[in-house]
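Overview (structure and organization)
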Amino acid sequence: MCGIFAYTGSKKAIPILVDGLTSLEYRGYDSAGIFTPADGVFKAVGPVVELRKLLPENANGTSGIAHTRWATHGAPTAENAHPHADQNEILYLVHNGIVENYKELKEELLKAGHTFKSQTDTEVLAHLLGVERGTASSMDEALESTLQKVRGTYGLAVIEKAAPSTIYAAAMGSPIAIGVGENEMCIGSDATAILRVTKQIIYLEDGEFAKITPQNYEIKTLDRKITTRAPEEIEWDADTIKKNGFDHYMLKEIMEAPEVLENSARGRLLLTEGRANLGGLAEHEKELQNIKRLVIVACGSAYYAGVYGKYLIEEYAGIPVEVAIGSEFRYRAHIPEEGAALLAISQSGETADTLASIKEAKRRGILARGIVNVVGSTIARETDLGVYKHAGPEVGVASTKAFLSQMEVLALLALYLGRQRHLSVERAIELGKAIAELPTQAAEILSKHEEVKVIAEKYKDVRDMLYIGRKYNFAGAYEGALKLKEVSYIHAEGYGAGEMKHGPIAMIDPLFPTLAIVPDDAVFEKTISNIEEIKARKGPVIAIATTGNTQIKELADDVLWIPKAIEPMAAILAIIPMQLLAYYVGVAKGYNVDRPRNLAKSVTVE
């Protein structure tokens, strides 16, 4: 949530800052702002394109800070947009996160005669830093004393008018990284912005702050101990995050499914041996063999991937699995300890509630593993071991290719853990071959995307939709409904198909369609019975079914076909037509599917 970018060098800063903000816009697009000591402050409500209209053509500043906002404290207004200044306007600050004790800090500042122009917690932070800077011998000292008074999370960048080429940054529970270039440096909350300047990046750890100038950088802890850390290289480049001729990032990323499924499994399948080679787990093989229980913690789509993973790991590895939502798991009075391991799933690697769950589990001595997409992310650094998905950057707010990658990596994990235990070579090879076939099968589905578009036009004006599935497709029903909600704003609900008679069937009528996931699998006949119940009440049915199934073709109003595959892989393939359906419905309704209202890509606050 929210995007930070800062630059210092010899080039004109404003074009670089605006370009960086544009790449971060998926993190927040309520408002945006820029400050350069040479050119001043510019703020606008709405997307970055609105900010562009206010910027002078003759700007000459070579350093500055910028921010794109997802509102938490205060409505999306120009006054609430970042950057914020201190009382005397000697410094400006941009901030991601939440200052939990901002009200008490604000009361103290008001008593001291301060006046505030916004309703944000960030302006309070700027004022407090200004006060500390007035008595401190350096900005290092002022940052240290200020941040020790703050409760909550922050990723921030600060610049002083008196030292325009020097920028400070700090991190606590919200990601911040330094980009190290040739006679230029930058700071970003996301690598996508830093790529505009350099591919060399250093992630700040919690409790660290950094000072950058065009020529060098310095990292310290809050007690001002110097930390030495070399940059690492970002694996992808700026071209990767372009639309490449597609109307939306969401469609581009759906269409990348074959490539993503290939990359996530590349070098990891040992088909002749029926094994998975997951390098991030190799050093902890004995500990993994001793797992008696696995707790998967995640939020949003990642949670539904976890539910899918539960079926896989229990069936193929024989390990009992619990799946918990991060925002609830962290507050439970009892967290499993003996023989348990925690697996955190996060697309961004920064999800606040998932990260807090990891820290709580580690405090109790539980082995913590992670499945993330972003190398160097906070969760990647915080977990004891893990697996990267290699899905590449995902810009669309509604997760598509990253979700498929999560499912595939969970299948690889089930294969890995199963072969550590009692999974036979024959069954393991069957699973491995099915995983290897996914890219080709995904491409086959996507080649017929225009058929999904036709069905989307037919259903774009419905008010409600029900999604149902069983077993491996239970989680898919929830994820499909979530995608439709996110990008089309149609009320959609996911349900286990067997739950129809326990309440949801009361809603069925000719205006309430159901999407049923019904591939040829062990529960096919049971799901068919649920469809029959819906049709008996005149409910329209869209089915996702295995190519060539004549029974479902006669029963459903519309069918989206997927290739024949074993049960767990059919569940992955079924996700693709649901993603396309959500996309085309959202577009048909005239919405910006890349930037759904009220949503942000990376949820770094509670």
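Reference entry: report on the structure contained in this document. (Residues numbered from 1 in each chain as written. Predicted model: local features only at pLDDT ≥ 70, side-chain atom pairs only at ≥ 80, totals over all residues. Heavy atoms only, no water.)

Some thoughts on helix α1 (residues 13–24)
- Compared with the 16 Å implied by 1.5 Å per residue over twelve residues, the 16 Å span of α1 between its first and last C-alpha is a close match.
- The element α1 is extensively covered by neighbouring structure, given that nine of its twelve residues are classed as buried.
- Elements that come into contact with the buried residues of α1 comprise β1 (3–8), β2 (31–36), β3 (40–45), α2 (48–52), β4 (63–69) and α6 (191–194). (Helix = DSSP H or I, 4+ residues; strand = E, 2+ residues; numbered from the N terminus. Expected span 1.5 Å × (residues − 1). Buried < 20%, exposed > 50% of the residue type's maximum accessible area, 1.4 Å probe, protein only. Contact = heavy atoms within 4.5 Å.)

Let's talk about the packing of helix α17 (residues 472–488) against helix α20 (residues 567–588)
- Two numbers describe how α17 lies on α20: the axes approach to 9 Å, and their chain directions differ by 15 degrees. Judged by the angle between their axes, α17 and α20 are roughly parallel. Crossing angle aside, the handedness with which α17 passes α20 is right-handed. Packed against α17, whose contacting residues are Tyr 472, Asn 473, Gly 476, Glu 479, Gly 480, Lys 483, Leu 484, Val 487 and Ser 488, the element α20 presents Glu 567, Pro 568, Ala 571, Ala 574, Ile 575, Met 578, Ala 582, Tyr 583, Val 585 and Gly 586 at the interface.
- Of the residues that constitute the contact of α17 with α20, the class distribution is eleven nonpolar, five polar and three charged. (Axes fitted to C-alpha atoms, helices over the stretch in contact; angles between N-to-C directions. Parallel < 35°, antiparallel > 145°, perpendicular 65-115°, else oblique. Left-handed = near helix turned anticlockwise from the far one by under 90°. Nonpolar A, V, L, I, M, F, W, Y, C, P; charged D, E, K, R; others polar.)

Some thoughts on the sheet that holds β3
- Across the sheet, eight strands lie side by side as β3-β2-β4-β1-β10-β9-β11-β15; this open sheet has antiparallel pairing. Each end of this open sheet is capped by a strand with a single partner; those strands are β3 and β15 (232–233).
- With four bridges connecting them, strand β9 (residues 177–180) and strand β10 (residues 185–188) associate as antiparallel partners. Across the sheet, Gly 179 pairs through a bridge with Cys 186, a residue of β10.
- Sheet contacts for α1: β1, β2, β3 and β4; angle to β1, the most-contacted strand, approximately 155 degrees. (Pairing = 2+ DSSP bridges.)

Thoughts on the sheet that holds strand β14 (residues 226–227)
- Overall, antiparallel pairing links the seven strands, which are arranged β5-β6-β7-β8-β12-β13-β14 in an open sheet. At either margin of the open sheet sits one strand with a lone partner, and together these are β5 (84–85) and β14.
- Relative to strand β7 (residues 154–160), strand β6 (residues 91–96) runs antiparallel, the two being bridged by six bridges. Within β7, the residue paired with Tyr 92 across the bridge is Ile 159.
- Sitting on the sheet, helix α4 (residues 121–135) touches β5, β6 and β7, and the angle it makes with β6 is about 140 degrees.
- Against the sheet, helix α5 (residues 139–147) makes contact with β6, β7, β8 (163–172), β12 (208–212) and β13 (217–221), and its axis sits at roughly 145 degrees relative to β7, the strand it touches most.

Quick word on the pattern of salt bridges
- One pass over the full model with this rule turns up 25 salt bridges.
- Between Lys 220 and Asp 140 there is a salt bridge whose closest N-O contact spans 2.8 Å. In this pair, Lys 220 sits in strand β13 while Asp 140 sits in helix α5, placing the two residues 80 residues apart along the sequence.
- In this structure, Lys 501 engages Glu 533 in a salt bridge whose closest nitrogen and oxygen atoms are separated by 3.4 Å. Residue Lys 501 is located in the loop between β24 (491–496) and β25 (514–517), and its partner Glu 533 is located in helix α18 (residues 524–536); the two are separated by 32 residues in the primary sequence.
- Residue classification places Lys 501 among the exposed residues on the basis of a relative accessible area of 54%. (Salt bridge = Lys/Arg side-chain N within 4 Å of Asp/Glu carboxyl O.)

Brief notes about helix α3 (residues 102–111)
- Along α3, the positions that sit buried rather than exposed are Tyr 102, Leu 105, Lys 106 and Leu 109. Down the axis of α3, the sector holding all buried residues measures 100 degrees, keeping them to one side. Of the residues in α3, the exposed ones pointing more than 90 degrees away from the buried face are Lys 103, Glu 108 and Lys 111.
- Taken from the residues just after α3, Gly 113 is the one with a positive phi, measuring 100 degrees. (Arc of directions from axis to C-beta.)

With respect to empty space enclosed by the protein
- Evaluation of the coordinates by the stated rule reveals three cavities of 30 Å³ or more.
- Taken as a whole, the largest cavity spans an internal volume of roughly 70 Å³.
- Lining of the largest cavity is provided by twelve residues; of these, Arg 69, Thr 72, His 82, Asp 121 and Thr 122 occupy positions nearest its centre.
- For the lining of the largest cavity, the secondary-structure elements that each account for two or more residues are β6 and α4. (1 Å grid on protein atoms, 1.4 Å probe; cavity = no way out; pocket = protein on both sides within 12 Å on 5 of 7 lines; lining within 4 Å. Points joined across faces, edges and corners; volume = space filled by probe spheres on them.)

By themselves, these are just geometric observations and shouldn't be taken as functional.
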